[in-house]
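# Summary of structural features
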Amino acid sequence: MEPTHTPAPTNTPADPDALVRDMVRKRQRRRRTAVVSTVAAVVLTAAALVGAGLVRANSSDPGKAPDRTPAGVAGDKAGITASRGTVRVDLYLDYLCPECRNTERSIAPTLKNLAARKDIRLVYHPVAFLDDYSSPAGYSTRAASAAACAADAGRFEQYTAVLFDKQPPERGPGLSDARLAELGTDAGITDGSFARCVRDAPHKPWVTYVSDVAASRKVSLTPTVMVAGERIDVTGGDAAGELTRAVARARR
């Protein structure tokens with residue numbers, strides 16, 4: 001993944017590898033009661049940490065999927081299927097990641113066209129790699145859990161677009177649960193059960209599972225886009241073109 005060009009936060013540590021180790025340890029402590037004893041080394045530039053969601057990929061077993069999963073969950077329960085078609089496209093996003101917002105906006109029309117032609121089976125993976133980039137920690141998980149509630153209401157893609165449109169800055173508190181619930185209206189959600197779902201957050205365990213599965217698959221940076229299992233570069237100026245060409249190759 002090429003480095004992004006978002007200006008670095010003033011409190012970004014000088015050693016990006018140390019930051020990654022710290023992020024992984026915190027995620028592991030929240031998920032389990034033990035601290036991970038050994039972490040493999042990863043070499044990343046400091047610029048690659050800025051504006052993108054990052055977690056140390058690991059090969060540990062993510063465990064069993066939670067009993068409750070959102071509507072439209074993929075067969076492996078590690079994503080939400082948004083369309084049915086010939087070529088599988090996997091999109092890993094963190095709702096606090098500015099580069100994810102840019103990528104989603106740049107490729108959304110292309111994804112819509114490809115899905116309408118049934119050229120792609122689109123699977124979204126809302127991960128929480130940047131939980132430690134909000135204060136208090138946890139906004140990525142809360143937003144992804146709310147998006148899962150939107151999937152239950154049949155408006156996942158629409159709500160995803162709204163979350164990126166209203167994306168809060170990194171290092172801040174993120175949107176409140178009340179605000180996340182209010183934004184359902186912008187996505188066309190009228191069912192009152194959506195606000196209760198956002199408040200009660202029954203999909204938080206699922207978000208953790210999705211994040212752990214992504215890490216076990218060596219997805220360490222968001223956005224990550226895969227076409228037929230192969231990563232494509234969405235960091236340049238022609239992300240939509242890269243996506244279209246990759247789908248065309250996979251269809252041959």
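Above this text sits the structure in question.
This structure is a prediction, so every number in the text was calculated from the model and none was measured. (Residues numbered from 1 in each chain as written. Predicted model: local features only at pLDDT ≥ 70, side-chain atom pairs only at ≥ 80, totals over all residues. Heavy atoms only, no water.)

### Here we look at the overall build of the chain
Assigned secondary structure in the chain consists of eight helices and seven strands. Out of the 252 residues in the chain, the part that is buried amounts to 50%. In the chain, the share of contacts with a sequence separation of at least 24, taken over all contacts with a separation of at least 6, comes to 80%. Surface exposure of the chain reaches about 11400 Å², of which carbon and sulfur atoms provide 50%. (Helix = DSSP H or I, 4+ residues; strand = E, 2+ residues; numbered from the N terminus. Buried < 20%, exposed > 50% of the residue type's maximum accessible area, 1.4 Å probe, protein only. Contact = heavy atoms within 4.5 Å. Areas by Shrake-Rupley, 256 points an atom, 1.4 Å probe, with all protein chains shown as cover.)

### Considerations on the pairing of strand β6 (residues 224-227)
Alternating residues of β6 divide into Thr-224 and Met-226 and Val-225 and Val-227, and every residue in both groups is buried. Pairing of strand β3 (residues 87-93) with β6 involves four bridges; the strand directions are antiparallel. Following the sheet pairing, Leu-91 is matched in β6 by Val-225. Sheet topology places β6 next to strand β7 (residues 230-232); three bridges connect them, and they run antiparallel. Its bridge partner being in β7, Met-226 is matched across the sheet by Arg-231. (Pairing = 2+ DSSP bridges.)

### Comments concerning the packing of helix α3 (residues 139-152) against helix α6 (residues 193-200)
Between α3 and α6, the shortest axis-to-axis distance is 9 Å and the interhelical angle comes to 150 degrees. Viewed along their axes, α3 and α6 adopt a mutual orientation that is roughly antiparallel. Like other packed secondary-structure pairs, α3 and α6 cross with a definite hand, here right-handed. Taking contact as the criterion, the partners of Ala-146, Cys-149, Ala-150 and Asp-152 in α3 are, on α6, Phe-194, Cys-197 and Val-198. Looking at the contact of α3 with α6 residue by residue, the classes come out as six nonpolar, no polar and one charged. (Axes fitted to C-alpha atoms, helices over the stretch in contact; angles between N-to-C directions. Parallel < 35°, antiparallel > 145°, perpendicular 65-115°, else oblique. Left-handed = near helix turned anticlockwise from the far one by under 90°. Nonpolar A, V, L, I, M, F, W, Y, C, P; charged D, E, K, R; others polar.)

### Details of the environment of Ala-239
Positionally, Ala-239 belongs in helix α8 (residues 239-251). Sequence-wise, Ala-239 and Val-225 are 14 residues apart; in three dimensions their C-alpha atoms are separated by 9.9 Å. In this structure Ala-239 touches Ser-106, Ile-107 and Val-234, once residues within four positions along its chain are discounted.

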